[in-house]
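Each chain, written out:
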Amino acid sequence: MKVCVIGGAGYIGSHAVYELIRDNNEVVVIDNLSTGLRKAVHKDAKFYEGDITVKEDLVRIFEAECSKKPFDVVMHFAAKLIVPESVSMPLEYYHNNVEGLRIMLEVIKEFNIKNVVFSSTAAVYGEPVHEVCSEDDRTKPINPYGATKLACEEMIKWVSAAYGMNYCIFRYFNVAGADKSLEIGLEKDNLTHLVPITIQTALGIREKMQVYGNDYDTKDGTCVRDYIHVSDLAYAHVLGAKYISENNKSILVNLGSNEGYTVKEVIDEVSKIRHVNYEYVERRAGDPAKLIASNSKAKEILGWTPKYTLKDIIETDMAFRDKIGRK
Ligand code: UFG
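Residues numbered from 1 in each chain as written. Predicted model: local features only at pLDDT ≥ 70, side-chain atom pairs only at ≥ 80, totals over all residues. Heavy atoms only, no water.

1. Examining the side chain of Arg 171
Line of reasoning, step 1. Residue position: Arg 171 is located in strand S6 (residues 166-172).
Line of reasoning, step 2. What makes Arg 171 buried here is its relative accessible area of 2%. (Helix = DSSP H or I, 4+ residues; strand = E, 2+ residues; numbered from the N terminus. Buried < 20%, exposed > 50% of the residue type's maximum accessible area, 1.4 Å probe, protein only.)

2. What about the domain arrangement of the chain?
Line of reasoning, step 1. Each assigned domain of the chain is listed with its residue range as follows: domain 1 (2-176 + 228-255) and domain 2 (194-227 + 257-323).
Line of reasoning, step 2. Relative placement of domain 1 and domain 2: their C-alpha centres are 24 Å apart.
Line of reasoning, step 3. Contacts between the two partners involve 33 residues from domain 1 and, on the opposite side, 28 residues from domain 2.
Line of reasoning, step 4. Regarding the contact of domain 1 and domain 2, the summed buried area is about 2600 Å², with carbon and sulfur atoms giving 66% of it.
Line of reasoning, step 5. Counting every contact that joins domain 1 to domain 2 gives one salt bridge.
Line of reasoning, step 6. Among the salt bridges present, the one from Glu 131 reaches Lys 290, with a minimum N-O distance of 3.3 Å.
Line of reasoning, step 7. In this assembly, domain 1 and domain 2 are joined by twelve residue pairs in polar contact (both at pLDDT 80 or more).
Line of reasoning, step 8. A per-element tally of the side of domain 1 that touches domain 2 places helix H7 (residues 230-247) first, with seven residues.
Line of reasoning, step 9. Among the residues making up the side of domain 1 that touches domain 2, the classes are represented as 21 nonpolar, eight polar and four charged. (Domains from an automatic or database assignment. Contact = heavy atoms within 4.5 Å. Buried area = accessible area lost by both parts, 1.4 Å probe. Salt bridge = Lys/Arg side-chain N within 4 Å of Asp/Glu carboxyl O. Polar contact = N/O pair within 3.5 Å; in protein donor to acceptor, adjacent residues only side chain to side chain. Nonpolar A, V, L, I, M, F, W, Y, C, P; charged D, E, K, R; others polar.)

3. Remarks on the packing of aromatic side chains
Line of reasoning, step 1. Counted under the stated rule, the structure contains five aromatic pairs.
Line of reasoning, step 2. Note on Tyr 125 and Phe 173: the rings are 6.3 Å apart at their centroids and 35° apart in plane angle, and the pair reads as tilted. Of this pair, Tyr 125 sits in the loop between strand S5 (115-121) and helix H5 (144-163) while Phe 173 sits in the loop between S6 and strand S7 (174-176), and the two are 48 residues apart along the sequence. Of the two residues, Tyr 125 and Phe 173, neither departs from the other in class, the shared state being buried.
Line of reasoning, step 3. Site record: aromatic cluster; members linked through ring pairs are Phe 62, Phe 71 and Phe 111. (Phe/Tyr/Trp six-rings, centres within 6.5 Å; stacked < 30°, edge-to-face > 60°.)

4. Looking at the pattern of salt bridges
Line of reasoning, step 1. For the structure shown, the criterion picks out 26 salt bridges.
Line of reasoning, step 2. Among the salt bridges present, the one from Lys 2 reaches Glu 65, with a minimum N-O distance of 2.8 Å. Of this pair, Lys 2 sits in strand S1 (residues 2-6) while Glu 65 is found in helix H2 (residues 55-66), placing the two residues 63 residues apart along the sequence. Both residues of the pair, Lys 2 and Glu 65, belong to the buried class.
Line of reasoning, step 3. Look at Glu 65 and you get buried, because its relative accessible area is 2%.

5. Quick notes on the packing of helix H6 (residues 194-202) against helix H8 (residues 263-271)
Line of reasoning, step 1. The geometry of H6 relative to H8 is characterised by a closest axis approach of 10 Å and an angle of 40° between their N-to-C directions. On the basis of the axis angle, H6 is oblique to H8. Note on packing geometry: the crossing formed by H6 with H8 is right-handed. Where H6 approaches H8, its residues Leu 194, Val 195, Thr 198, Ile 199 and Ala 202 are matched on the opposing element by Val 263, Val 266, Ile 267 and Val 270.
Line of reasoning, step 2. Each residue belonging to the contact of H6 with H8 can be placed in one class, and the counts come to eight nonpolar, one polar and no charged. (Axes fitted to C-alpha atoms, helices over the stretch in contact; angles between N-to-C directions. Parallel < 35°, antiparallel > 145°, perpendicular 65-115°, else oblique. Left-handed = near helix turned anticlockwise from the far one by under 90°.)

6. Focus: the site of the ligand
Line of reasoning, step 1. Surveying the vicinity of the ligand reveals 22 residues, the closest of which are Thr 121, Asn 174, His 193, Gln 210 and Asp 287.
Line of reasoning, step 2. Contacts to the ligand include Gln 210, whose backbone N or O atom sits 2.7 Å from a nitrogen atom.
Line of reasoning, step 3. Contact with the protein chains removes 95% of the 690 Å² of surface that the ligand exposes when unbound.
Line of reasoning, step 4. Of all the elements in the fold, those that place two or more residues in the shell around the ligand are H6 and strand S8 (209-212). (Near = heavy atom within 4 Å. Areas by Shrake-Rupley, 256 points an atom, 1.4 Å probe, with all protein chains shown as cover.)

7. Focus on the sheet that holds strand S2 (residues 26-31)
Strand pairing within a sheet occurs via backbone hydrogen bonds; the two strands may be parallel or antiparallel.
Line of reasoning, step 1. Taken together, seven strands build an open sheet; the order of strands is S3-S2-S1-S4-S5-S6-S11 and the sheet is parallel. Of all strands in the sheet, those bounded by a partner on one side alone are strand S3 (46-49) and strand S11 (251-255). The average undirected angle you get between the axes of adjacent strands in this sheet is 20°.
Line of reasoning, step 2. Across the face of the sheet, H5 comes into contact with S5, S6 and S11 while running at roughly 155° to S5. (Pairing = 2+ DSSP bridges.)

This is the structure in structure tokens:
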């Protein structure tokens, strides 16, 4: 396949590019480098700097590439994704996530590209109605990030119905870890996610970390999340892209592990390697108590199951952070 990866210099996008290249696909990356890193783009991928919210950027790149050989699939990773940030900056989230996707779909239609793989999120479920979320559960986001992603899902479905484009929508749960090569991982300033923050604390980069709330209705009072290794998630994109293009079908699938861990359990797992200094503080805005994925649909349709455990997630992230100078 010839695959265009928009947002391919970012954390998840760069891992998807690595898996696509390991699977012998031709990869073109477009990224505005706002949060992505040029060095995270695999050396065998072609890189263009461009912004998903600027139509001329996409048209220029699609013209250059599709005149040689059209893209079989376009993958979208170019979104803002921090829950607390979305609560304080909702308009930026709507602009980047929803308007950016609208422009991308317009360009895809103009260039007659038939397959789109889209990164959505467990945040579309809001407070889940079942212990383990299934794809047909009610969607009711409780933060702007989830709301923008749900709006994107709807847009993709309508566009697909109107123009006959296939989509693969993946709802990600909590993604963490680093590629086994340790060439790429989550590298950025002002991290907000639990796993890297816990590891930074264990490594002494942070003196102490905060746990947001210990009065949730969970086994130890801290929030439950479903942690999935970024390489497992990335590989699902290779399977999803092949599935929709070969079967001329659209799918919407959760990517998680079927298992939940509390914040406290994650800290305990890291503490087995090194001590973690933490304190309990107030709840954080926009946090649901529990988010766990049913991944039976991913198993059934794509034959996908996660290979990495929480321990692997922690070990690869820690090894990556050690490699980049304990950032
Ligand atoms: N947490 C802490 N202390 C920290 C950081 C996080 O206690 O320093 C807690 C949070 O309050 C939450 C849990 O750890 O209960 C996980 O928080 P993250 O910030 O790591 O991740 P979120 O669950 O908020 O969101 C992530 C992605 C979203 C995605 C969601 C799906 O950022 O894009 O997982 O489950 F939608």
